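Listed here are the chains, written in short residue letters.
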Amino acid sequence: MGEVNTFMQSIPLEYFIILSTVLFCLGVLGVLLRKNAIVILGCVELMLNSVNLLLAAFSAYNGNSDGQLLVFFIMVVAAAEVAVGLAIIAMLYRNTRSVDVSIFNKLRG
């Protein structure tokens with residue numbers, strides 16, 4: 001058996017759950033309330049990182065590395081999402097000189 005991370009287990013699991021919930025809710029509020037596309041992408045990243053924190057905490061408490069492996073794959077998907085999102089934002093800015101997401105309504109045919 002692998003060595004159990006006692007530092008992570010010295011902090012109660014409820015603290016990780018509360019912190020992750022608060023971060024996720026802040027990300028959701030940012031996505032729903034903001035109009036700047038770059039801020040919205042940042043809030044989506046905040047939501048993904050809150051899930052990553054929770055997966056890493058559960059993985060450390062269970063003593064296996066399955067959750068940490070899943071965190072790695074989520075980070076790869078998040079990097080791809082940022083690359084595609086920034087490319088879309090760059091094209092939007094090039095055409096409209098603004099990063100306001102309400103401009104996307106004008107793109108409807």
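Residues numbered from 1 in each chain as written. Predicted model: local features only at pLDDT ≥ 70, side-chain atom pairs only at ≥ 80, totals over all residues. Heavy atoms only, no water.

A. Quick look at the overall build of the chain. Scanning the chain for helices and strands turns up four helices and zero strands. Helices and strands appear in the chain in the N-to-C order α-α-α-α. Looking at the chain residue by residue over its 109 residues, the buried ones come to 22%. Within the chain, contacts between residues at least 6 apart in sequence are counted, and of these 55% link residues at least 24 apart. (Helix = DSSP H or I, 4+ residues; strand = E, 2+ residues; numbered from the N terminus. Buried < 20%, exposed > 50% of the residue type's maximum accessible area, 1.4 Å probe, protein only. Contact = heavy atoms within 4.5 Å.)

B. Seen up close, the side chain of asparagine 52. Its place among the elements puts asparagine 52 in helix 3 (residues 37–62). The class of asparagine 52 is buried, set by a relative accessible area of 6%. With residues up to four places along the chain from it excluded, the contact list for asparagine 52 reads Val71, Ile74 and Met75.

C. Inspection of the environment of isoleucine 38 at higher detail. By the secondary structure assignment, isoleucine 38 is in helix 3. For the pair isoleucine 38 and valine 99, spaced 61 residues apart in sequence, the C-alpha separation works out to 7.4 Å.

D. Layout of the packing of aromatic side chains. On inspection of all chains with the given rule, the structure shows two aromatic pairs. Ring geometry for phenylalanine 16 and tyrosine 61: centres 6.5 Å apart, planes at 75°, overall edge-to-face. Here phenylalanine 16, found in helix 2 (residues 13–33), pairs with tyrosine 61, found in helix 3; they are 45 residues apart in sequence, far enough to count as distant. Accessibility expressed as a relative area gives 10% for phenylalanine 16, which makes it buried. On the accessibility criterion, tyrosine 61 (21% relative accessible area) is partly exposed. Between phenylalanine 72 and phenylalanine 73 the ring centres are 5.8 Å apart and the planes differ by 65°, which places this aromatic pair in the edge-to-face class. (Phe/Tyr/Trp six-rings, centres within 6.5 Å; stacked < 30°, edge-to-face > 60°.)

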